[in-house]
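# Analysis of the macromolecular model
Single-letter residue listing:
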Amino acid sequence: MSKHLIVGAGPVGTAAARLLAARGEEVTVATRSGASAAPLPGVRHIRLDATDATALTEAATGAAVLYNCAGPAYHRWATDWPPLAAALLVAAERSGAVLASVGNLYAYGAVTAPMTEETPLDPNSVKGQVRARMWQDAQALHLAGRVRATEIRSSDYLGPGVLSAIDARVFDKALAGRAVQVMRNPDAAHSWTYTEDAARLLVTVGGDERAWGRPWHVPTNEPRTQREVVADFCRAAGVPQVKVTGLPDAVLAAVGLFNPTVRALKETAYQLRGPFVMDSTAARKTFGLEPTPWTELLGAIAAASR
């Protein structure tokens with residue numbers, strides 16, 4: 001049994017805690033509140049400000065892996081991520097724990113070809129610049145021999161309880177037989193990553209030295225348009241098909257006047273206007289992991305939505 005510290009209790013962090021606890025590891029989840037919406041057997045929850053490098057180091061001392069599963073408010077990435085990322089690097093260096101971070105595809109920028117781990121980082125948004133800098137700083141310390149770091153990268157999440165481009169807002173309406181509106185282009189090819197698959201890769205790379213020093217794309221199913229996702233979900237849930245339309249940019253702009261999260265979506269609108277596809281061949285071949293079958297994934301969401 002080894003010790004593991006997870007910072008953040010969102011869908012991926014919670015799933016990772018569940019996986020680690022199930023194999024008998026000592027798991028601690030750190031959040032600002034210290035509370036848990038759904039306590040897990042064998043998992044300890046602590047209250048911690050992860051931007052406090054000293055407190056985070058103390059909590060990480062003795063841990064085999066320190067997992068960055070934090071999720072600052074979407075519209076506050078530019079201000080909230082830098083001090084948190086810096087504290088995580090300090091804690092990883094001082095404690096000796098491997099730093100395994102949950103990342104995304106923002107740092108690649110507006111790429112229309114399928115993204116691989118070799119795709120150059122060329123962010124075209126503030127959020128992308130933040131995520132690129134986080135990985136570059138971690139990789140630099142790794143190459144200097146000061147930390148052991150790795151990162152997993154996912155596309156938009158699908159899964160019970162997620163906040164994403166397609167989430168309960170869409171699925172609940174489909175289950176009720178109501179027409180749904182999705183953001184931007186409903187017919188653009190898009191990769192969708194299951195949160196459980198992200199957690200599986202995260203705990204894998206944290207404990208496998210082959211993974212350290214580079215990023216890994218989470219095993220993800222073949223791309224599906226938003227229209228296809230809704231249609232597939234209706235079939236998996238056994239309900240009639242519903243009409244799918246794109247939500248006009250003007251409507252999103254109007255909502256953004258009052259909602260900072262929606263307003264923050266503007267700079268990454270390219271991700272849902274044209275193809276946004278990632279390739280996860282490297283992780284699948286290296287670690288023998290495959291994405292959860294598409295119908296099984298959608299069935300899990302339908303079951304949780306009812």
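Below or above, wherever it landed, is the structure these notes cover. (Residues numbered from 1 in each chain as written. Predicted model: local features only at pLDDT ≥ 70, side-chain atom pairs only at ≥ 80, totals over all residues. Heavy atoms only, no water.)

Axis separation between helix α1 (residues 11-22) and helix α6 (residues 195-206) bottoms out at 8 Å; the angle between their running directions is 55°. Between α1 and α6, the interaxial angle falls into the category oblique. Like other packed secondary-structure pairs, α1 and α6 cross with a definite hand, here right-handed. Residues P11, V12, A15, A16, R18, L19 and L20 of α1 touch α6, and the partners they reach there are T195, E196, A198, A199, R200, L202 and V203. (Axes fitted to C-alpha atoms, helices over the stretch in contact; angles between N-to-C directions. Helix = DSSP H or I, 4+ residues; strand = E, 2+ residues; numbered from the N terminus. Parallel < 35°, antiparallel > 145°, perpendicular 65-115°, else oblique. Left-handed = near helix turned anticlockwise from the far one by under 90°. Contact = heavy atoms within 4.5 Å.)

The next thing to look at is the pattern of salt bridges. Side chains bearing opposite charge may pair, as long as their charged atoms lie close to each other. All chains considered together, the criterion is met by 18 salt bridges. We note a salt bridge from D137 to R133, for which the minimum N-O separation is 2.9 Å. With a gap of 4 residues between them, D137 and R133 both fall in helix α4 (residues 126-143), about one helical turn apart. On the basis of relative accessible area, D137 is assigned to the partly exposed category, the value being 31%. With relative accessibility at 53%, the residue R133 sits in the exposed group. Notably, a salt bridge pairs E151 with R153, separated by 2.8 Å at the nearest N-O pair. Taken as a pair, E151 and R153 share a single burial class, namely buried. Overlapping salt bridges, with partners in common, bring together R224, E228, D232 and R235 in one network. (Salt bridge = Lys/Arg side-chain N within 4 Å of Asp/Glu carboxyl O. Buried < 20%, exposed > 50% of the residue type's maximum accessible area, 1.4 Å probe, protein only.)

Here we come to the layout of surface pockets. By volume, the second largest pocket amounts to about 240 Å³. Lining of the second largest pocket is provided by 13 residues; of these, G10, P11, T14, R18 and P160 occupy positions nearest its centre. Of the residues belonging to the lining of the second largest pocket, the class tally is 7 nonpolar, 4 polar and 2 charged. (1 Å grid on protein atoms, 1.4 Å probe; cavity = no way out; pocket = protein on both sides within 12 Å on 5 of 7 lines; lining within 4 Å. Points joined across faces, edges and corners; volume = space filled by probe spheres on them. Nonpolar A, V, L, I, M, F, W, Y, C, P; charged D, E, K, R; others polar.)

All right, on to the nonpolar core then. Counting 36 residues, the largest nonpolar core has I6, Y67, I152, L201, L202 and F287 as its most contacted members. With 6 residues, α6 is the single largest residue contributor to this core. Leave out the neighbours within four places in its chain, and I6 touches G13, A16, A17, L20, V27, T28, V29, A30, Y67 and C69. One finds A59, A70, A91 and Y106 within the second-largest nonpolar core, a separate group that totals 34 residues. (Core = buried A, V, L, I, M, F, W, Y, C linked by side-chain atoms within 4.5 Å.)

Where helix α7 (residues 226-237) contacts helix α11 (residues 294-305), the axes come no closer than 9 Å and their chain directions differ by 70°. Taken together, the axes of α7 and α11 lie roughly perpendicular to each other. In this structure, α7 contributes V229, D232, F233, A236 and A237 to the contact, and α11 contributes W294, T295, L298, G299, I301 and A302. Residues belonging to the contact of α7 with α11 are distributed by class as follows: 8 nonpolar, 2 polar and 1 charged.

This part is about empty space enclosed by the protein. Take a probe with the size of a water molecule and roll it over the atoms, and the empty space left behind shows itself. What the rule picks out here adds up to 3 cavities of 30 Å³ or more. There is about 80 Å³ of room inside the largest cavity. Along the walls of the largest cavity sit N68, A85, L88, L89, L99, S101, M134, W135, A138 and E151, which together make up its complete lining. The set of elements that each furnish at least two residues to the lining of the largest cavity consists of α3 (77-95), β5 (98-104) and α4. In the lining of the largest cavity, the residues fall into 7 nonpolar, 2 polar and 1 charged. By volume, the second largest cavity is sized at about 50 Å³. Along its surface, the second largest cavity is lined by G103, N104, A107, R131, A132, W135, E151 and R153. Taken together, the elements giving at least two residues each to the lining of the second largest cavity come down to β5, α4 and β6 (149-154).

Our focus in this paragraph is the packing of aromatic side chains. Per the counting criterion, the structure on display carries 6 aromatic pairs. With a centroid separation of 5.3 Å and an interplanar angle of 70°, the aromatic rings of Y74 and W77 are classed as edge-to-face. Both residues of the pair, Y74 and W77, count as buried. In textbook terms, an aromatic cluster arises when at least three aromatic residues are bridged by ring pairs, as seen for Y74, W77 and Y106. Between R148 and the ring centre of W212, over which it is positioned, the NZ or CZ distance is 5.0 Å. Positioned over the ring face of W216 is R214, at 3.7 Å from the centre of the ring. (Phe/Tyr/Trp six-rings, centres within 6.5 Å; stacked < 30°, edge-to-face > 60°. Lys NZ or Arg CZ within 6 Å of the ring centre and 35° of its normal.)

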